[in-house]
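Observations on chain architecture
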Protein chains: 2
Amino acid sequence: MLTKKKEGKQDLDQLLSNAACCSQPSAIREICKLINRPGMRSLAGGWPDPNVFPGKEIAAIAKGLLEMNAGVVLQYGTTEGLLELRAQLTDWAREKEFIQCAQDDILITHGSAQAMDLACRILLDPGDVVLVELPTYFGGVGAIRSCGAEAVGVKLDQHGLDPDDLEVQLKQLNKQRRRVKGVYVIPNFQNPTGATLSLERRKRLLALADQYHFIILEDDPYSDLRFEGEKIPSLRALDQSERVIHMRSFSKIFTPGMRLGWVTAKTDFIRKMVVAKQFVDCATNTLSQYILLEFIRGGRLAERIIGNNKHYRAKRDFMLSQMEKHFPKAATWNRPQGGFFIFVHLPEHLNADQLLLEAIERNVAFVAGSSFFINGQGRNTLRLSYSQASPSEIEAAIAEIGLLIKKKLT
Amino acid sequence: MLTKKKEGKQDLDQLLSNAACCSQPSAIREICKLINRPGMRSLAGGWPDPNVFPGKEIAAIAKGLLEMNAGVVLQYGTTEGLLELRAQLTDWAREKEFIQCAQDDILITHGSAQAMDLACRILLDPGDVVLVELPTYFGGVGAIRSCGAEAVGVKLDQHGLDPDDLEVQLKQLNKQRRRVKGVYVIPNFQNPTGATLSLERRKRLLALADQYHFIILEDDPYSDLRFEGEKIPSLRALDQSERVIHMRSFSKIFTPGMRLGWVTAKTDFIRKMVVAKQFVDCATNTLSQYILLEFIRGGRLAERIIGNNKHYRAKRDFMLSQMEKHFPKAATWNRPQGGFFIFVHLPEHLNADQLLLEAIERNVAFVAGSSFFINGQGRNTLRLSYSQASPSEIEAAIAEIGLLIKKKLT
């Protein structure tokens, strides 16, 4: 019973689905193994700073819930998510986002990643096209591809997705009779570039969605992480024809380990996503939802967001100051108004993939920008994250990266 | 910004995927809305009894973890799941299940439902066939169908899936050149029938899997809920050719609200499932995993299982005694050795769907057996669950159902 034949291995691989045969772990994952070495100064992950996790508050909330009401907070919940939490989120959407939505227009998910997965499932068939930013978050692209759909890239600059290029792509795909189902966009403090889509471009994107009849997949985990400048209404808030599926995360403003996100969209879409979720994981973690509910009540989450943003703003400013100090003039980068990321362009002939390998040898890590381009571009770019590293790690890492770049330039 | 046009609704539906267009919420879900009425005596849900949830122990564990180590237990984890938890589970598998598996052969999931979803994703393409028990859990069928695969039924009796009928189906599908990728089976205290697959049949099923070259999807949430009789080795333990994907749940033996399950399979399959999970929800809830880890350590989970089974055994015995007392001779049912379910056969001409509507009027609920048959059979069957209802609810509900059946018979 305890021995296993090893024959038949290839045989079994014949039984895999097309999606599984094609699937590859992301390049970042492979690098992560190196990055987790002890002593590594990492600017790689987009993880929040554990120093701002409200551990003690959560401990007190959890204790109260579990001692008073274990039978409820440890039981299965409904697939849609906790009714009281969805009620809080309709208020949040109305007051903070100018989005009118009812409880039935909201689904609680295991992070915004799950919202994206469910949205793709209800929208995409093999062969469909979704347009994505160049560069963009590989998780979104992965969800699109796992439905057998194709991701096609659209240019992006410091004001976000370029609607002119979008229109060019749409026309071209139309001619090729490809079915464009959606545009996947990260409008605020984009991952990896930190860019924010301007109001004008948001309106233009919505107009194009009406004209070319597609859905907008608005992936918006960072909008509450604004340190300065004025909040721009979400695509969902501006949407007049219910074409926007707005995906939100509690990972960056509360905690990622509790795996909570939410999505608002037109009722029919939410209902379809709920049915899909029934067979995906039945329901979202009940205890996490109750803890979050208590944390939102009394304005605690809103308060926490203000505090966190001061913290992250200081880290951004510190990293920018270190970059000014250590990076050569030939490198350029953005100054994001929020979020976790700074995106660096090196001179064309420099290769950031190679730079990363050399950095890792010196116990410094970042993510090579090419990981975010679906078309093989961006070899001369890198993403630096200030979210998780300590100031001393940021200082040491930026100095090392600066040295390595300078060495390449000479 | 706050008004919405309601035109274009049908237009947007054109953008839905084939899977979303075909998807329907389960009949049970619709009934659930009625069942949740206050005062309902429900034998419908397969939910565990909240009275056995270890709320205080979990509160103490959570407090310790959150006060001492919030930065870790609230942070993202790896997609595979917590390393220490997987280490505990390899021990559990070896000592309690006679399964030799390494940490890399284990994936922690958001419940066993997610394990099934991921297994289907890595195996199934549209048009593939998976054979399922008649009747079976609709969640499994839903996961199969959401990949565009077809579920085809195989007869089941008190000893579980009928291998003779399985072989007939396999031959027939072979002739039709249909690609049978797997057999989905709930071998222990099956949902809904409570039947357990005999050792002989397990061996026969594995032999057929080798001969006809398919995967066995072993859905096994109830095996630790054995009240009497001898444990039969799992298909995974008996498997000589790594064809079994063994899906386990902590919902029934720990708590469902923390959404934890695990799956063991050959390393390659697990790796493919991990890649799929990256784009499904990134990782499983970290806090839940750490709480469970502490709960397993020191043998607490094993102890708890023994205590719970005494509790559920008494409930089963009580329900059986009430059925003896109140049900007419024309009704027959099984005596499950574990799990949560008793399955009742009424005379052919009686309709349990109709019976359910009448029961609900009297504030009594169960699940009509037809919900579990993919081929429209089982109109004269019903599933009764003793897991969640209190003894007085069980007593009242069984008496009412008995009365209703008798009325139909006269």
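Just so it is clear, the model here is predicted, and its values are computed rather than measured.

**Topic: the pairing of strand 6 (residues 180-185) of chain A**
Residues and elements named next belong to chain A. Burial runs high along strand 6: 6 of the 6 residues are buried. Two elements, strand 3 (residues 129-134) and strand 6, share 4 bridges in a ladder whose sense is parallel. Note on strand 6: the bridge partner recorded for Val-132 is Tyr-184. Taken together, strand 6, helix 9 (residues 199-212) and strand 7 (residues 215-219) form a β-α-β motif whose crossover is right-handed.

**Some thoughts on the domain arrangement of chain A**
Residue and element names in this part refer to chain A. Looking at chain A, the domain boundaries give domain 1 (13-53 + 303-409) and domain 2 (55-301). Averaged C-alpha coordinates put domain 1 and domain 2 at centres separated by 24 Å. Residue-level contacts link 31 residues of domain 1 with 38 residues of domain 2. Summing the contributions of domain 1 and of domain 2, the shared interface buries around 2,900 Å²; its carbon and sulfur component is 60%. Contact with domain 2 buries area across many residues of domain 1, yet Ile-305, Gln-337 and Ile-374 alone supply 24% of it, more than any other trio. On inspection of domain 1 and its partner domain 2, the count reaches 4 salt bridges.

**Let's talk about the packing of aromatic side chains**
Centre distance and the angle of the planes are the two values used to describe a pair of aromatic rings. One pass over the structure, following the stated rule, counts 20 aromatic pairs over all chains. Taking the centre distance of 5.7 Å and the plane angle of 35° together, the rings of Phe-138 of chain B and Phe-372 of chain B count as tilted. Taken as a pair, Phe-138 of chain B in helix 7 (residues 138-146) and Phe-372 of chain B in the loop between strand 13 (367-368) and strand 14 (381-385) lie far apart in primary sequence, 234 residues in all. Looking at Phe-138 of chain B, the relative accessible area reads 23%, which means it is partly exposed. Each residue in the set Tyr-222, Tyr-312, Phe-340 and Phe-341 of chain A is aromatic and connected to the rest through ring pairs, giving one cluster. Of note, Lys-96 of chain A hangs over the ring of Trp-92 of chain A, and the distance from its end group to the ring centre comes to 4.7 Å. One cation-aromatic arrangement involves Lys-266 of chain A over Phe-269 of chain A; the distance from NZ or CZ to the ring centre is 5.2 Å.

**Points about the packing of helix 14 (residues 352-361) of chain A against helix 15 (residues 391-409) of chain A**
Residue and element names in this part refer to chain A. Between helix 14 and helix 15, whose axes approach to 10 Å, the crossing angle comes to 130°. For the element pair helix 14 / helix 15, the angle class is oblique. Where helix 14 crosses over helix 15, the two elements pack in a sense that is right-handed. For the pair helix 14 and helix 15, contact is made by Gln-354, Leu-355, Glu-358 and Ala-359 and by Ile-401, Leu-404, Ile-405 and Lys-408, respectively.

**A word on the packing of helix 6 (residues 111-123) of chain A against helix 7 (residues 138-145) of chain A**
Packed helices, taken two at a time, are described by their axes: the angle between them and the distance between them. Residues and elements named next belong to chain A. Contact geometry for helix 6 and helix 7: axes closest at 9 Å, N-to-C directions at 30°. In this view, helix 6 runs roughly parallel relative to helix 7, as classed from their interaxial angle. Relative to helix 7, the crossing made by helix 6 is right-handed. Side by side, helix 6 and helix 7 meet where Met-116, Asp-117 and Cys-120 of the first sit next to Gly-140, Ala-143 and Ile-144 of the second. When grouped by side-chain class, the residues that make up the contact of helix 6 with helix 7 number 4 nonpolar, 1 polar and 1 charged.

**Description of the sheet that holds strand 3 (residues 129-134) of chain B**
Residue and element names in this part refer to chain B. The 8 strands are arranged 2-9-8-7-6-3-4-5 in an open sheet whose pairing can be described as mixed. Looking along the sheet, the strands with just one partner apiece sit at the ends: strand 2 (106-109) and strand 5 (160-161). By the bridge criterion, 4 bridges tie strand 2 to strand 9 (residues 261-264) in an arrangement that is antiparallel. Bridging across to strand 9, Ile-106 finds its partner in Thr-264.

**Looking at the pattern of salt bridges**
Within this structure, the stated rule accounts for 57 salt bridges over all chains. The partner of Glu-97 of chain A in a salt bridge is Lys-231 of chain A, and the shortest N-O contact between them spans 3.7 Å. One end of the pair, Glu-97 of chain A, is in helix 5 (residues 83-97); the other, Lys-231 of chain A, is in the loop between strand 7 and helix 10 (235-238), with 134 residues separating them in the sequence. When its relative accessible area of 4% is taken as the criterion, Glu-97 of chain A is described as buried. Judged by its relative accessible area of 38%, Lys-231 of chain A is partly exposed. Among the ionic pairs, Arg-379 of chain B bridges to Asp-353 of chain B, the shortest N-O distance being 1.9 Å. Remark: Asp-353 of chain B occurs in helix 14 (residues 352-361) and Arg-379 of chain B occurs in the loop between strand 13 and strand 14; sequence separation between them is 26 residues. Since its relative accessible area comes to 22%, Asp-353 of chain B is described here as partly exposed.

Each value, and the rule that gives it
Residues numbered from 1 in each chain as written. Chains lettered and ligands numbered in written order. Predicted model: local features only at pLDDT ≥ 70, side-chain atom pairs only at ≥ 80, totals over all residues. Heavy atoms only, no water. Buried < 20%, exposed > 50% of the residue type's maximum accessible area, 1.4 Å probe, protein only. Helix = DSSP H or I, 4+ residues; strand = E, 2+ residues; numbered from the N terminus. Pairing = 2+ DSSP bridges. Right-handed = clockwise from strand over helix to strand, strands pointing away. Domains from an automatic or database assignment. Contact = heavy atoms within 4.5 Å. Buried area = accessible area lost by both parts, 1.4 Å probe. Salt bridge = Lys/Arg side-chain N within 4 Å of Asp/Glu carboxyl O. Phe/Tyr/Trp six-rings, centres within 6.5 Å; stacked < 30°, edge-to-face > 60°. Lys NZ or Arg CZ within 6 Å of the ring centre and 35° of its normal. Axes fitted to C-alpha atoms, helices over the stretch in contact; angles between N-to-C directions. Parallel < 35°, antiparallel > 145°, perpendicular 65-115°, else oblique. Left-handed = near helix turned anticlockwise from the far one by under 90°. Nonpolar A, V, L, I, M, F, W, Y, C, P; charged D, E, K, R; others polar.

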